[in-house]
Amino acid sequence: MKSLPWIRWTLGLLLLCTADADSGRKPNFVFMMVDDLGIGDLGCYGNTTLRTPNIDRLALEGVKLTQHTAAAPLCTPSRAAFLTGRYPIRSGQSHGRMGVFLFSASSGGLSQEEITFAKAVKEQGYSTAVIGKWHVGLNCEDSADHCHHPNSHGFDYFYGTIMTHLRDCQPGHGSVLYFVHGYIPYKALSIGLVSLALLHIKGMITVTRRVVFGFLVLVGVVVSLFDVLVYTFPNLNCFVMRGPEIVEQPYTSENLTQRMTSEATENSERPFLLFFSFLQVHTGLFASPLFRGRSQHGLYGDAVMEVDWSIMQTLERLNLKENTLLYMTSDQGPHLEEISINGEMHGGYSGIYKAGKSTNWEGGIRIPGILHWPGVLPAGKVIDEPTSNMDIFPTVLNLAGASIPSDRVIDGHDLLPLLQGQVERSEHEFMFPYCNAQLNAVRWHPPNSNAIWKAFFFTPDFYPENSSACFHTHICLCIKPYVTVHDPPLLYDLSKDPTESTPLSPDTEPQFYSVLEVIRAAVSHHAESLKPVPVQVSPLQIVWKPWLQPCCSSLSQLYASS
């Protein structure tokens with residue numbers, strides 16, 4: 001009896017996804033993005049003890065991209081780039097770590113001036129839907145304008161979470177907000193207080209009791225407000241929407257993946273685009289009772305196993321035919337610093353690649369890239385050329401018969417010629433990974449060369465020093481004093497050193513200076529293409545605004561959960 005819900009949604013999705021290849025219909029699109037999934041977590045990409053047989057089968061029967069990268073190492077800017085085919089800085093989506101994932105009901109979000117692939121193909125007669133995590137904003141001026149909602153960006157149907165999934169959304173898992181302490185400069189504050197006391201003792205300044213009392217009151221108010229925020233955060237921000245309506249607040253995560261997949265049951269006579277965005281291996285891991293303990297690799301393994309079984313195997317049972325392009329990926333690398341309140345490591349695995357989420361080391365931006373389209377794409381093909389999640393935008397538009405926008409720079413390139421073997425080289429000669437609004441690195445794949453040069457202008461400081469993560473701040477930051485600037489830049493040849501373990505020097509690489517000269521020229525040319533745009537995730541934009549807070553599926557439910 002437990003399998004009956006799966007039978008119902010499988011039959012429903014079958015009606016949506018079955019296409020007649022001989023009818024001349026435009027191709028359907030199914031995109032699956034698993035949040036924070038490490039490339040090392042998939043057997044088809046390397047040595048892993050996790051079992052993902054269905055994803056592995058997709059790779060064997062389709063095309064696997066081994067140099068596939070995210071345009072950014074964090075959720076919101078990466079998703080903005082995926083949806084628009086543009087570097088996130090062009091959309092004002094380059095941000096400093098705090099805030100954007102906490103209060104997505106704020107005014108920061110994907111600008112309405114941006115064109116998503118859903119908006120473009122909808123004009124070609126497509127039915128479009130997004131199921132799962134959105135995380136690119138919600139409101140602008142009031143709690144109901146939904147200017148950043150998926151429905152405002154070309155998706156006919158939405159069911160899922162507007163913001164990200166956090167441990168706060170699961171009772172008993174603690175709060176991610178406590179990691180804010182990692183960003184507070186306690187050392188500087190302590191030095192300041194000690195210095196103030198010494199100056200008072202020496203008679204150089206006078207500190208009155210009123211000043212001390214005022215300071216203590218201020219600290220007490222700040223601490224109290226923080227505690228209120230932690231207490232109310234789950235009830236206010238952990239909600240599920242169907243279209244513009246909140247249907248569950250706070251939501252229960254235990255069977256969330258199953259409930260989300262059951263929503264993909266629309267029967268459409270038109271060609272469709274379905275974007276399925278999973279939360280399941282993100283911060284605050286969860287797995288349904290059917291998969292708890294089955295992987296023998298902890299909760300992370302259970303979550304990955306459920307994603308592989310419940311989605312990949314189901315898509316296989318749907319027997320998607322020639323008329324559907326299937327794309328499977330992640331939004332960035334794994335969150336290596338994710339530790340449960342019980343001290344269990346819940347982060348993913350980057351394989352041979354260095355570091356993880358929030359960094360532009362290969363472990364942070366190299367992501368799975370599997371494309372499956374029987375009869376159109378060759379089975380078992382492996383492509384080692386550099387590609388990006390931004391490439392999906394022009395690929396989809398060209399296949400759907402939509403025009404590529406000419407009024408803006410599109411950084412992605414149509415993948416189909418490369419996938420089908422019509423060309424052997426990627427059109428990405430240069431790639432420009434950002435960290436916040438700062439250009440962090442440059443990737444250069446010279447014409448007529450197998451080299452893939454990568455230069456870093458600054459890198460995060462790991463903690464502990466012998467690790468490849470930032471456990472002191474829960475995630476690596478891109479601001480001083482948490483980075484080291486390099487002049488000259490660190491230089492690697494990924495074709496020989498994919499692990500980025502040994503930076504090159506003039507003594508070890510004769511082309512050292514000439515390579516950097518070409519890269520600097522490319523940076524200048526790239527900078528000329530950038531136009532000033534409103535910053536969507538500035539501190540003013542991402543700060544919590546009560547008048548933008550959506551509420552509620554049920555006031556009685558909300559109060560009961562409190």
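So, how was this worked out
- Residues numbered from 1 in each chain as written.
- Predicted model: local features only at pLDDT ≥ 70, side-chain atom pairs only at ≥ 80, totals over all residues.
- Heavy atoms only, no water.
- UniProt positions renumbered as here; feature names shortened; annotations may be inferred.
- Pairing = 2+ DSSP bridges.
- Helix = DSSP H or I, 4+ residues; strand = E, 2+ residues; numbered from the N terminus.
- Disulfide = S-S within 2.5 Å.
- Buried < 20%, exposed > 50% of the residue type's maximum accessible area, 1.4 Å probe, protein only.
- 1 Å grid on protein atoms, 1.4 Å probe; cavity = no way out; pocket = protein on both sides within 12 Å on 5 of 7 lines; lining within 4 Å.
- Points joined across faces, edges and corners; volume = space filled by probe spheres on them.
- Nonpolar A, V, L, I, M, F, W, Y, C, P; charged D, E, K, R; others polar.
- Salt bridge = Lys/Arg side-chain N within 4 Å of Asp/Glu carboxyl O.

The name an unreviewed UniProt entry gives the protein chain is Steryl-sulfatase-like, with Sinocyclocheilus rhinocerous as the organism. Reading the Cofactor (unreviewed entry) entry of the UniProt record for the protein chain gives the comment "Ca(2+)". UniProt lists a comment for the protein chain under the heading Sequence similarities (unreviewed entry), and it reads "Belongs to the sulfatase family."

Describing the sheet that holds strand S15 (residues 453-460)
Ordered in space as S11-S14-S15-S16, the 4 strands form an open sheet in which the pairing is antiparallel. Looking at the sheet topology across the chains shown, the edges are occupied by strand S11 (430-431) and strand S16 (483-493). Looking at chain direction, S15 and S16 are connected through 7 bridges and run antiparallel. Along S16, the bridge assignment pairs Phe 456 with Leu 490.

Things to note about the UniProt feature "transmembrane region" (unreviewed entry) in the protein chain
Residues given the UniProt feature "transmembrane region" (unreviewed entry) here are residues 176-199 and 211-233. Annotated as residues 211-233, this span is 100% helix and 0% strand, and its ends, taken at the C-alpha atoms, are 33 Å apart.

With respect to the state of the cysteines
Under the definition given, this model contains 4 disulfides. Paired through a disulfide, Cys 169 and Cys 238 show a sulfur-sulfur distance of 2.1 Å. Here the S-S torsion is close to -80°, and the disulfide linking Cys 169 with Cys 238 is therefore left-handed. Of this pair, Cys 169 sits in the loop between strand S4 (157-161) and helix H5 (186-201) while Cys 238 sits in the loop between helix H6 (209-237) and strand S5 (240-242), and the two are 69 residues apart along the sequence. Each member of the pair, Cys 169 as well as Cys 238, carries the same accessibility label: buried.

Structural notes on empty space enclosed by the protein
Scanning all chains against the criterion turns up 10 cavities of 30 Å³ or more. When its volume is computed, the second largest cavity comes out at roughly 80 Å³. Forming the walls of the second largest cavity are Thr 69, Ala 70, Ala 71, Tyr 87, Ile 365, Ser 388, Met 390, Met 431, Phe 432, Pro 433 and Arg 443. Here the lining of the second largest cavity is composed, by residue class, of 8 nonpolar, 2 polar and 1 charged.

Observations regarding the pattern of salt bridges
Scanning the model with the defined rule gives 17 salt bridges in all. Across the pair Arg 270 and Asp 156 runs a salt bridge, and its minimum N-O distance is 3.9 Å. Pair noted here: Arg 270 is in the loop between helix H7 (256-262) and strand S7 (272-278) and Asp 156 is in the loop between strand S3 (127-133) and S4, with a separation of 114 residues, a long-range link. With its nearest N and O atoms 2.7 Å apart, the salt bridge here joins Arg 443 to Glu 362. Of the two residues, Arg 443 sits in strand S14 (residues 441-444) while Glu 362 sits in helix H9 (residues 362-365), which places them 81 residues apart along the sequence. Shared partners join several salt bridges into a network, and the residues in it are Glu 362, Arg 366, Arg 443, Lys 454 and Glu 500.

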